[in-house]
Amino acid sequence: MKKRAAAAIVILSCMCASCGIEEYYYLPAAFGASQSAANKGIVNLYGISYSYFLNFRIYYRIYVSDYVELAPGTGNFSQINPTLTSDYSAFLTYINAETQNTNMGTVFSGRKYYPLEVQGTNLDQDLLNVTGGGIVNLDFSDRKNPTIQVNGGTEYTLYRSTGDGVFNPRPNRLFINDPELYAASNINDTTNADVVNTTSTSPDRYTYAAFYIVAVGMDTNFSPIYSKPGFIGVLKLPEPF
């Protein structure tokens, strides 16, 4: 019923646009119930036909922890890192919202979440610009660099962001639990800005990445349009190999 109502609003607003009334843009949350196993995230994408739709986009943030959890869930987020719980609670407001008129790009960047990237191509424009739906697989299996695969195609190595050149990730852009990734001296706005430190004094260090997805479009004024976000899950970064 909600989808029909939203579609009716779009049709009505398009009709009214010819009468001088401002057009209303809407993008549905075109992804199903996401799943995450111990080391894999799966997202079901639905077809999306709006002409102003551009692509899907995945945002991430990395959390340092002294806690080992192979199947992270909302019940143990606070044990992993309290900031993970805080971020999840903040995004849940938008996930559960009845309507969406918020610039989610600004919301994510405000909590230091960054667009996920891949090696060798543009993730948003070349892989996640699917209009007919499909399956996205995030693979964080041990003894390999984490990868993404869209609709059974080529597996691409996941890359961390550089914030459009604002920071320089160390030791590299891979999602691996390396000592330089979680070193306190590297967690700052110019190096590992995508990482949240832990307050634990334990020498044990593990890292986890949280992922969210949104549909992205652009209106006639070249302003971005976002759907409500969807939570993909939290995956443990593999150890160096």
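Now for a quick tour of the structure. (Residues numbered from 1 in each chain as written. Predicted model: local features only at pLDDT ≥ 70, side-chain atom pairs only at ≥ 80, totals over all residues. Heavy atoms only, no water.)

Description of the pattern of salt bridges
- Evaluation of the coordinates by the stated rule reveals 10 salt bridges.
- The residue Lys112 makes a salt bridge to Asp189 at a minimum N-O spacing of 2.8 Å. A residue pair is termed long-range when its members are at least 10 positions apart, and Lys112 in the loop between helix 4 (104-110) and strand 4 (114-115) and Asp189 in the loop between helix 6 (179-182) and strand 9 (195-196) qualify at 77 residues.
- A network of salt bridges, in which partner residues are shared, links Arg61, Asp87 and Arg111. (Salt bridge = Lys/Arg side-chain N within 4 Å of Asp/Glu carboxyl O. Helix = DSSP H or I, 4+ residues; strand = E, 2+ residues; numbered from the N terminus.)

A closer look at unusual backbone geometry
- Arg170 connects to Pro171 through a cis peptide bond whose omega is 5°.
- Mapped onto the elements, Pro171 comes out in the loop between strand 8 (156-159) and helix 6.
- Its identity is not glycine, yet Asn151 carries a phi of approximately 55°, on the positive side.
- The topology assignment puts Asn151 in the loop between strand 7 (147-150) and strand 8.
- A relative accessible area of 43% places Asn151 in the partly exposed class. (Buried < 20%, exposed > 50% of the residue type's maximum accessible area, 1.4 Å probe, protein only.)

Observations regarding the packing of aromatic side chains
- Across all of its chains, the model carries 21 aromatic pairs by this definition.
- Ring centres of Phe31 and Phe56 lie 6.4 Å apart, and the angle between their planes is 65°; this geometry places the pair in the edge-to-face category. Residue Phe31 is found in the loop between helix 1 (2-17) and strand 1 (35-36), and its partner Phe56 is found in strand 3 (residues 53-65); the two are separated by 25 residues along the sequence.
- The class of Phe56 is buried, set by a relative accessible area of 0%.
- On the basis of an interplanar angle of 75° and a centroid distance of 5.6 Å, the ring pair of Tyr113 and Tyr212 is categorised as edge-to-face. Placement of the pair is Tyr113 in the loop between helix 4 and strand 4 and Tyr212 in strand 10 (residues 206-218), with a sequence separation of 99 residues. The same class applies to Tyr113 as to Tyr212, namely buried. (Phe/Tyr/Trp six-rings, centres within 6.5 Å; stacked < 30°, edge-to-face > 60°.)

Topic: helix 3 (residues 82-95)
- In a regular helix each residue adds 1.5 Å, so 14 residues correspond to 20 Å; helix 3 covers 20 Å between its end C-alpha atoms and thus fits that length.
- Next to the buried residues of helix 3 lie strand 3, helix 2 (77-80), helix 4, strand 10 and strand 12 (230-236). (Expected span 1.5 Å × (residues − 1). Contact = heavy atoms within 4.5 Å.)

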